[in-house]
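# Coordinate inspection notes
Residues per chain, in single letters:
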Amino acid sequence: MGEKDSLQKKSLKFQDSYTFLHIFMIYLLCSEDWGGFVLPYGSRNPKKECRWDMDIREDNGEGIDSWKEVTLIYNAALKQIETRMEILNEEFQHVHQYNPIEHIKARIKTPESIVKKLKRNGYESTIDNMVKHVNDIAGIRVICSFTSDIYRIADMISEQRDLQVLTVKDYITFPKTSGYKSYHMIITVPVYLSDRTVDAKVEIQIRTVAMDFWASLEHKIHYKLEGDAPEHIRSELVECAKMVTDLDARMLKLNEELLILSREREKE
Ligand code: GTP
Ligand code: MG
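So, here is what we can say about the structure in this document.

Calculation criteria
- Residues numbered from 1 in each chain as written.
- Chains lettered and ligands numbered in written order.
- Predicted model: local features only at pLDDT ≥ 70, side-chain atom pairs only at ≥ 80, totals over all residues.
- Pairing = 2+ DSSP bridges.
- Helix = DSSP H or I, 4+ residues; strand = E, 2+ residues; numbered from the N terminus.
- Near = placed C-beta within 6 Å.
- Nonpolar A, V, L, I, M, F, W, Y, C, P; charged D, E, K, R; others polar.
- Buried ≥ 20, exposed ≤ 12 C-beta atoms within 10 Å, placed from the backbone.

## Digging into the pairing of strand 7 (residues 183-192)
Of the strand pairs in this sheet, strand 6 (residues 164-170) and strand 7 are connected by six bridges, and their pairing is antiparallel. Opposite Val 168, over in strand 7, you have Met 185 as the bridge partner. Counted between consecutive antiparallel strands, the loop separating strand 7 from strand 8 (residues 197-208) contains four residues.

Here is the structure:
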């Protein structure tokens, strides 16, 4: 590993969990369905998205720097992955005359959600733990038109030599019992800082527009009803998930027919 050590190995000298929690408490954020805040294109400064309106203790200097360093690194990682996705999309347009990516959402997980997750998994709230055990601090959602595009994008990501794929969860081939479908990858991307290189983890979720529509509503229901939705709602969601699968398959077929027809007409 050497210089390219992962964030875990790098000494983020922040050991004081009390101070860490304190910073988290003052870091009030607008939560959204993904446990984070969406970073709009061209604006990667998380401070713009949250409020720092409470007292920050003077002696927290080192800790804040560490937290800032972490957000800086994950923001840089997100920017890189987002740009790479855009490049792949443009290149695809050039070669195949269509864009596989409908749109991209990127977000940094809120400190609040990070702390909750660490707690849920029995870890203390330290920078070391969050870097080691929370894989989705930086998250990117790639929304595609067709199911086939999902695998194309995933392959293209895997083929990028400096990206390391840590895990893959294919909830498209193997949907969750809830009906949830999406393709998840945890990858690392090298972030080149002035004095070292850090491999930062990024969670990539790839899904179709229809799958995304379903997942947002299901999440809202799950969140609003605190995971205790009545049986008829759960079974209706499963039914809707089947319709999503059917719709995706039919749209893909239509698109394939369109491609064949337009090629034939071009020849004429
Ligand atoms: P966390 O759920 O983040 O703790 O991660 P995990 O280790 O369970 O990983 P997984 O890849 O299964 O899920 C990662 C993310 O996918 C979640 O944080 C959600 O954003 C999304 N996700 C997973 N399952 C569901 C689901 O049933 N419904 C919806 N709406 N989203 C889901
Ligand atoms: Mg998550």
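## Brief notes about the site of ligand 1
The full set close to ligand 1 counts 10 residues, and Ser 178, Tyr 180, His 184, Ala 215 and His 219 are the nearest of them. Top element by residues in the shell around ligand 1 is helix 7 (residues 209-224). It accounts for three residues. Grouping the constituent residues of the shell around ligand 1 by class yields three nonpolar, three polar and four charged.

## A few points about the pairing of strand 8
With 11 of 12 residues buried, strand 8 lies mostly within the body of the structure. Both strand 5 (residues 138-144) and strand 8 contribute to a ladder of six bridges, which runs parallel. Along strand 8, the bridge assignment pairs Ile 140 with Ile 204. The pairing of strand 7 with strand 8 spans 10 bridges and is antiparallel. Within the sheet, the bridge partner assigned to Val 191 lies in strand 8 and is Val 198.

## Some remarks on the environment of Glu 218
Examined against the element boundaries, Glu 218 turns out to sit in helix 7. You can call Glu 218 buried: it has 22 C-beta atoms within 10 Å. Placed 20 residues apart in sequence, Glu 218 and Val 238 show a C-alpha to C-alpha distance of 9.9 Å.

Such coordinate-based values are descriptive only and should not be taken to indicate function.
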